[in-house]
Amino acid sequence: MMPRAELLKDIVADLRMAASFVTILPVASAKPAADGAIARATWALPFAGLLVGLAGAFVYKVALRCGLTPNLAALLALATTALITGALHEDGLADTADGLGGGRTRERKLEIMRDSRIGTYGACALILSFGLRWSALATIADPFAAALALCAAHAAARAGVPAFMSLVPPARPDGLSASAGVPPGRSVAIAFAVGTLALALALGPGKALVGLVLLSLAGWTLARLAIRQIGGQTGDILGAFEQIGEILILLVAATFQIGR
């Protein structure tokens, strides 16, 4: 059995790696990651998402306290989460939309996805993503419920990433997703459990189930689309999956009006 001190050290290292993987926070270790370390640390992705969600929720609450409307508060909260993540997932969504929507061949789609420029499909995807999340968050009347929904959305959206990485092979031998490796079963299970718990605490068991079903369907659809068009997943595909997850959870929260 691993000594407690060593186990705690590994947990902290995984949390730091997960946070550095999805945010711009200076928490990464100065030492290069060992083989398989990123894949193993994916269990901590929902915790990193919770950190992002808490930052957005804090700004949302402060904005309301300053007398701003829910619409403006929601917009500032989304801007905060985009800032703290370096718009990493938004970039992945835009690249995915441009690549899958604009390329005719597998090679051309992958080439477009690596291009830093944003095309029409990518711009439309970003507008829809921000618009849907902003509208959903602003619709939730209770400030505490809105904060819970934001935290749950960021945690649950990232909780499915390890399973997606495990089930869908990389589309190319290089790139972020391929270099990260395949998450072990334990990391997949822990991330799923944490994401499910976050949903249950924020939305209640019944509504959490609706969120899980929608997330599963979205993941299955995106996986089939990615495999059919480019042969697997990339870092951009993972970013798109996270964005879709955020949108779905916030829409569920707004539709069922948690807190009422």
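A few points on the structure.

**Remarks on the state of the cysteines**
What the rule picks out here adds up to zero disulfides. No disulfide involves Cys-66; its sulfur sits 19 Å from that of Cys-151, the nearest cysteine.

**Focus on the packing of helix α1 (residues 4-22) against helix α3 (residues 45-65)**
The contact between α1 and α3 brings their axes to 8 Å, and the two run at 60 degrees. Considering their axes alone, α1 and α3 lie oblique with respect to each other. Crossing of α1 over α3 shows right-handed handedness. Across from Leu-15, Ala-18, Ala-19, Phe-21 and Val-22 in α1, the residues of α3 making contact are Leu-45, Phe-47 and Ala-48.

**Observations concerning the packing of helix α11 (residues 185-203) against helix α12 (residues 205-230)**
As a packed pair, α11 and α12 sit with axes 7 Å apart at the nearest point and diverge in direction by 135 degrees. As summarised for this structure, α11 and α12 are arranged oblique, according to the angle between their axes. At the point where α11 passes α12, the crossing takes the right-handed sense. Facing α11, whose interface residues are Phe-192, Thr-196, Leu-199, Ala-200 and Leu-203, α12 presents Pro-205, Lys-207, Ala-208, Leu-212 and Leu-215. Grouping the constituent residues of the contact of α11 with α12 by class yields eight nonpolar, one polar and one charged.

**With respect to the pattern of salt bridges**
By the definition in use, this model includes six salt bridges. Notably, a salt bridge pairs Asp-14 with Arg-40, separated by 2.8 Å at the nearest N-O pair. Of this pair, Asp-14 sits in helix α1 while Arg-40 sits in helix α2 (residues 37-40); the two residues are 26 residues apart in sequence, bridging distant segments of the chain. On the basis of relative accessible area, Asp-14 is assigned to the buried category, the value being 5%. Relative accessible area serves as the criterion here: at 36%, Arg-40 is assigned to the partly exposed category. Between Arg-158 and Glu-242 there is a salt bridge whose closest N-O contact spans 3.0 Å. You can see Arg-158 sitting in helix α8 (residues 143-159) and its partner Glu-242 sitting in helix α13 (residues 235-256), a full 84 residues away along the chain. Residue Arg-158 is classed as buried on the basis of its relative accessible area, which comes to 1%.

**Section: the packing of aromatic side chains**
Throughout the structure, instances matching the rule amount to two aromatic pairs. Each ring, one from Trp-43 and one from Phe-47, has its centre 5.9 Å from the other, and the planes form 75 degrees; the classification is edge-to-face. According to the relative accessible area criterion, Trp-43 is buried, its value standing at 12%. Judged by relative accessible area, which is 36%, Phe-47 ranks as partly exposed. Over the aromatic face of Phe-130 sits the side chain of Arg-133, whose NZ or CZ is 4.7 Å from the ring centroid.

**Some points on empty space enclosed by the protein**
Counted according to the given criterion, the structure contains one cavity of 30 Å³ or more. In this structure, the largest cavity spans a volume of roughly 30 Å³. Along its surface, the largest cavity is lined by Met-17, Ala-18, Phe-21, Ile-38, Ala-41, Thr-42 and Leu-45. The greatest single-element share of the lining of the largest cavity, amounting to three residues, is contributed by α1. Of the residues that constitute the lining of the largest cavity, the class distribution is six nonpolar, one polar and no charged.

**Here's the deal with α1**
The terminal C-alpha atoms of α1 lie 27 Å apart, and with 19 residues this matches the ideal 27 Å at 1.5 Å per residue to within 8%. Of the residues making up α1, those classed as buried are Asp-14, Met-17, Ala-18, Ala-19 and Val-22. On its buried side, α1 packs onto α2, α3, α5 (88-102) and α8.

**Considering the side chain of Asp-98**
Relative to the helices and strands, Asp-98 is located in helix α5. A polar contact is formed between the side chain of Asp-98 and the backbone nitrogen of Tyr-121, at a distance of 3.4 Å.

**Examining the nonpolar core**
General note: in soluble globular proteins, nonpolar side chains tend to be found buried as a group. Within the largest apolar cluster, 30 residues are counted, with the highest numbers of intra-cluster contacts made by Tyr-60, Leu-137, Ile-140, Leu-199, Leu-203, Ile-249 and Leu-250. Where this core is concerned, the elements lending two or more residues are α3, α4 (70-84), α7 (120-139), α8, α11, α12 and α13. The element contributing the most residues to this core is α8, with nine residues. The contact partners of Tyr-60, leaving out residues within four places of it in the chain, are Pro-70, Ala-73, Ala-74, Ala-77, Leu-137, Ile-140, Pro-143 and Ala-146. Counting residues in hydrophobic clusters, the runner-up holds 25 residues, among them Ala-44, Ala-125, Ala-223 and Leu-238.

Rules and cut-offs
Residues numbered from 1 in each chain as written. Predicted model: local features only at pLDDT ≥ 70, side-chain atom pairs only at ≥ 80, totals over all residues. Heavy atoms only, no water. Disulfide = S-S within 2.5 Å. Axes fitted to C-alpha atoms, helices over the stretch in contact; angles between N-to-C directions. Helix = DSSP H or I, 4+ residues; strand = E, 2+ residues; numbered from the N terminus. Parallel < 35°, antiparallel > 145°, perpendicular 65-115°, else oblique. Left-handed = near helix turned anticlockwise from the far one by under 90°. Contact = heavy atoms within 4.5 Å. Nonpolar A, V, L, I, M, F, W, Y, C, P; charged D, E, K, R; others polar. Salt bridge = Lys/Arg side-chain N within 4 Å of Asp/Glu carboxyl O. Buried < 20%, exposed > 50% of the residue type's maximum accessible area, 1.4 Å probe, protein only. Phe/Tyr/Trp six-rings, centres within 6.5 Å; stacked < 30°, edge-to-face > 60°. Lys NZ or Arg CZ within 6 Å of the ring centre and 35° of its normal. 1 Å grid on protein atoms, 1.4 Å probe; cavity = no way out; pocket = protein on both sides within 12 Å on 5 of 7 lines; lining within 4 Å. Points joined across faces, edges and corners; volume = space filled by probe spheres on them. Expected span 1.5 Å × (residues − 1). Polar contact = N/O pair within 3.5 Å; in protein donor to acceptor, adjacent residues only side chain to side chain. Core = buried A, V, L, I, M, F, W, Y, C linked by side-chain atoms within 4.5 Å.

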